[in-house]
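# Close look at the chain arrangement
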Amino acid sequence: EKRHTADASKLRLARQAWGILGLYFTAAPHMPRAVLPYSLPLLLIVLIGIAALSLTLGAYPLSIPESLRALWGTGEPIAVQVVQDIRLPRTLGAILVGAALAAAGTAYQLLFRNPLVSPDILGVSSGAGLGAVLGLFLGLPSLGVQSLAFAGGIAAVALVIALGKAIQHADRTLVLVLTGVVLGALAGAITSLLKILADPYDQLPAITFWLLGSLSGMHMAQVGVVAPVVLVACSVLYLLRWRLNVLSLPEAEANTLGVPVKPLRIAVIALATIMTSAVVAVAGVIGWIGLLIPHAARLLVGPSLARLLPMSIVMGALFLLLVDTASRSAGDLEIPLGILTALVGAPFFLGLLLRRAGASS
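First, a word on scope: everything that follows refers to the structure included in this document. (Residues numbered from 1 in each chain as written. Predicted model: local features only at pLDDT ≥ 70, side-chain atom pairs only at ≥ 80, totals over all residues. Heavy atoms only, no water.)

### Some remarks on the pattern of salt bridges
Inspection of the entire model under this criterion finds 3 salt bridges. Ionic pairing is found between aspartate 324 and arginine 90, a salt bridge with its closest N-O pair at 2.9 Å. One end of the pair, aspartate 324, is in helix α14 (residues 305-329); the other, arginine 90, is in helix α4 (residues 77-112), with 234 residues separating them in the sequence. Across the salt bridge formed by glutamate 334 and arginine 90, the nearest N and O atoms sit 2.6 Å from each other. Here arginine 90 lies in helix α4 and glutamate 334 lies in the loop between α14 and α15 (337-360), a separation of 244 residues in the sequence. Residue class for glutamate 334 comes out partly exposed when judged on its relative accessible area of 26%. Each member of the salt-bridge network shares a partner with another, and the members are Arg90, Asp324, Arg328 and Glu334. (Salt bridge = Lys/Arg side-chain N within 4 Å of Asp/Glu carboxyl O. Helix = DSSP H or I, 4+ residues; strand = E, 2+ residues; numbered from the N terminus. Buried < 20%, exposed > 50% of the residue type's maximum accessible area, 1.4 Å probe, protein only.)

Structure below.
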């Protein structure tokens, strides 16, 4: 009973954190400019606090001191196993996946000069999903499924770029987007066909659950593989921030400023694709983060990539960590992350659109 009461109080604390963040994002556009530079440190502190809280929540509730002792390996054996083998990898995975998807969405929106662009615009999520479904259909082990998912995401974008070069059209960006949409639809159709052919009692539930996104199978080996990919890709994007800002200009103007547009565009697509494929391979398809988070971050710090990219990374990590903590703590049944991100992201995005429409009128 004592543990149940403590767990309920921590759930109330998590709901309060959601409410505070919602109020913060709502009030952010009206904050004085002197306050906004402190947004990133504030969110970093909140991220650390939610990460510590996430280690305590679950079917085996722990207090924060107990979880910290277990983190250092000095607590009860079962608490050490729960924290180090289950909750810590899942917490770190949520931070990495959310940060990667938000950073990729920021890069794609800047590259295509369109705020409605998300990381799967060139078919990376569809390709990775097809690769994973094929691996599950063939009965491959977990490593094989993840490898096929990663390869599928890379192959889909590579095919989009190759076809984009073969199609002669003045607007190269439009060709890439349309080709990505078409190939994404084709990959989705093949995925649906494999779901129909799959064993309905064994393969189909695993395929469906994977396509909805989950961090339940995350372990430290996967974190060790994904973390360098995400860190290197985000670091390179940040180092290129001043050149990438020029991509928001028309291509002719960017060329006159001495920025090599075509190689830079390929570099951005490659970095965002590799990063997205890596996290989709271990977490499944999780939507809305790459579309929603850059919008929310832009409300806080403006369009300059020097401030927008770090803010998007932190907000993406915080958002998915909150969603994942809620998915595994709200009840006995774990809700897939793709469902929760859509339930939260769609109304919030509609609110952003209504706010902008009201401001323009």
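### Quick word on the layout of surface pockets
Estimated volume of the largest pocket: approximately 410 Å³. For the largest pocket, the lining is made up of 24 residues, of which Asp120, Ser125, Val285, Ile286 and Gly287 are closest to its centre. Contributions of two or more residues to the lining of the largest pocket are made by α5 (124-137), α7 (172-197), α8 (203-212) and α13 (289-301). With 5 residues, α7 is the single largest residue contributor to the lining of the largest pocket. (1 Å grid on protein atoms, 1.4 Å probe; cavity = no way out; pocket = protein on both sides within 12 Å on 5 of 7 lines; lining within 4 Å. Points joined across faces, edges and corners; volume = space filled by probe spheres on them.)

### Comments concerning the packing of α4 against α14
For the pair α4 and α14, interaxial distance at closest approach is 7 Å and the crossing angle is 140 degrees. Taken together, α4 and α14 sit at an angle that is classed as oblique. Considering how the two elements wind past one another, α4 and α14 form a crossing that is right-handed. On the side of α4, the interface is formed by Arg87, Arg90, Thr91, Ala94, Ile95, Val97, Gly98, Ala99, Ala102, Ala103, Thr106 and Leu110, while α14 contributes Leu305, Leu308, Leu309, Ser312, Ile313, Gly316, Ala317, Leu320, Leu321, Asp324, Ser327 and Arg328. When its residues are assigned to classes, the contact of α4 with α14 shows 14 nonpolar, 6 polar and 4 charged. (Axes fitted to C-alpha atoms, helices over the stretch in contact; angles between N-to-C directions. Parallel < 35°, antiparallel > 145°, perpendicular 65-115°, else oblique. Left-handed = near helix turned anticlockwise from the far one by under 90°. Contact = heavy atoms within 4.5 Å. Nonpolar A, V, L, I, M, F, W, Y, C, P; charged D, E, K, R; others polar.)

### Considerations on the environment of isoleucine 95
Its place among the elements puts isoleucine 95 in helix α4. Relative accessible area serves as the criterion here: at 22%, isoleucine 95 is assigned to the partly exposed category. The spatial distance from the C-alpha of isoleucine 95 to the C-alpha of valine 314 is 8.4 Å, given a sequence separation of 219 residues. For isoleucine 95, the contacting residues outside a window of four places in its chain are Leu47, Ala51, Ala317 and Leu321.

### Notes on a nonpolar patch on the surface
A cluster of nonpolar residues, Leu212, Ile335, Ile339, Leu343 and Val344, forms a patch on the protein surface that exposes about 360 Å² of accessible area. No other element matches α15, which puts 3 residues into the nonpolar patch. Counting through the fold element by element, leucine 212 comes out in helix α8. Of the residues examined, leucine 212 reaches a relative accessible area of 30% and is grouped as partly exposed. (Patch = residues over 30% accessible without salt bridge, like charges linked within 9 Å, V, L, I, M, F, W, Y side chains within 5 Å. Areas by Shrake-Rupley, 256 points an atom, 1.4 Å probe, with all protein chains shown as cover.)

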